[in-house]
Amino acid sequence: MDLKRINDRITVSGQILPEDIASLKAAGFTTIINNRPDDESPDQPAGAEIEAAAKAAGLGYYAIPLGRDGVSPDMVEKTKSALEGSTGPVFAFCRSGTRSTTLWALSQAGEMDAGEIISEAAAAGYDMSHLAGHLNQK
């Protein structure tokens with residue numbers, strides 16, 4: 001796993017496997033957000049497998065798949081709720097971490113300064129500058 005810490009509350013990465021859950025729990029994560037739709041790639045595990053491993057480890061789990069239809073307001077609200085409902089650090093994943101970072105950034109609009117959101121994402125290796133207009137709207 002190539003974990004990319006955005007801030008104290010959220011870390012993202014590309015695809016994980018069910019066997020990675022124990023390491024994530026040991027690293028202190030309390031919640032997992034899966035932003036990857038099932039069947040996007042033939043080599044990815046089913047979300048249900050990761051969910052079962054997360055729940056068996058006592059971690060919160062949210063499936064908020066972001067596919068070809070793009071971001072919806074519902075996805076942003078679900079991401080915000082998952083972050084607010086977590087008792088500790090949150091780990092989100094997709095294929096590369098970009099979609100997870102995008103949903104995190106949009107969920108923080110109105111909560112954080114747009115420049116801070118963009119800067120934190122950039123420090124983790126994700127360019128969210130194209131969202132600046134959206135991040136200033138809430």
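Report follows, based on the coordinates. Source: prediction; values computed, not measured.

A separate point is the environment of arginine 99. Position of arginine 99 relative to the elements: it lies in helix H4 (residues 98-107). For the pair arginine 99 and alanine 56, spaced 43 residues apart in sequence, the C-alpha separation works out to 26 Å. If sequence neighbours within four positions are ignored, arginine 99 has contacts with Arg36, Pro37, Glu40, Leu66 and Cys94. Engagement of the side chain of arginine 99 in a polar contact is seen with the side chain of glutamate 40, the distance being 2.6 Å.

Here we come to the sheet that holds strand S5 (residues 90-93). Taken in spatial order, the five strands of this open sheet run S1-S2-S5-S3-S4, and their pairing is mixed. The open sheet terminates on both sides in strands that have one partner only, identified here as strand S1 (4-5) and strand S4 (60-63). Relative to strand S2 (residues 10-13), S1 is paired through two bridges, and the arrangement is antiparallel. Note on S2: the bridge partner recorded for arginine 5 is threonine 11.

Between helix H3 (residues 73-85) and H4, whose axes approach to 8 Å, the crossing angle comes to 80°. Considered as vectors, H3 and H4 are oriented roughly perpendicular to each other. Mapping the contact onto sequence places Met75, Val76, Thr79, Lys80 and Leu83 in H3 and Leu103, Trp104, Leu106 and Ser107 in H4.

Within the element layout of this structure, glutamate 120 appears in helix H5 (residues 114-123). Of the buried charged residues, glutamate 120 lacks a salt bridge, with arginine 5 as the closest side chain of opposite charge at 7.9 Å.

A few words now on the pairing of S5. Burial along S5 is two-sided: Val90 and Ala92 facing one way and Phe91 and Phe93 facing the other are all buried. Two elements, S2 and S5, share four bridges in a ladder whose sense is parallel. When the bridges of S5 are listed, isoleucine 10 appears paired with valine 90. Relative to S5, strand S3 (residues 31-34) runs parallel, the two sharing four bridges. Counterpart to asparagine 34 in the pairing with S5 is phenylalanine 93.

Attention now moves to the packing of H4 against H5. Where H4 contacts H5, the two axes come as close as 10 Å, and the packing angle between them is 160°. With respect to each other, H4 and H5 are oriented roughly antiparallel. Crossing of H4 against H5: the hand is right-handed. Residue-level contacts link Thr101, Trp104 and Ala105 of H4 to Ile117, Glu120 and Ala121 of H5. Residues of the contact of H4 with H5, tallied by class, amount to four nonpolar, one polar and one charged.

With that settled, consider the packing of aromatic side chains. Per the stated rule, a full pass over the model turns up two aromatic pairs. Taken together, a centroid distance of 6.3 Å and an interplanar angle of 25° make the contact between phenylalanine 91 and phenylalanine 93 stacked. Note on accessibility: phenylalanine 91 and phenylalanine 93 belong to one class, buried.

For the structure on display, the rule yields seven salt bridges. A salt bridge links aspartate 8 to arginine 5; the shortest N-O distance between them is 2.0 Å. A relative accessible area of 62% means that aspartate 8 is categorised as exposed. Across the pair glutamate 40 and arginine 99 runs a salt bridge whose closest N-O atoms are separated by 2.6 Å.

Conventions used here
Residues numbered from 1 in each chain as written. Predicted model: local features only at pLDDT ≥ 70, side-chain atom pairs only at ≥ 80, totals over all residues. Heavy atoms only, no water. Helix = DSSP H or I, 4+ residues; strand = E, 2+ residues; numbered from the N terminus. Contact = heavy atoms within 4.5 Å. Polar contact = N/O pair within 3.5 Å; in protein donor to acceptor, adjacent residues only side chain to side chain. Pairing = 2+ DSSP bridges. Axes fitted to C-alpha atoms, helices over the stretch in contact; angles between N-to-C directions. Parallel < 35°, antiparallel > 145°, perpendicular 65-115°, else oblique. Buried < 20%, exposed > 50% of the residue type's maximum accessible area, 1.4 Å probe, protein only. Lys, Arg positive; Asp, Glu negative; His and termini not counted. Salt bridge = Lys/Arg side-chain N within 4 Å of Asp/Glu carboxyl O. Left-handed = near helix turned anticlockwise from the far one by under 90°. Nonpolar A, V, L, I, M, F, W, Y, C, P; charged D, E, K, R; others polar. Phe/Tyr/Trp six-rings, centres within 6.5 Å; stacked < 30°, edge-to-face > 60°.

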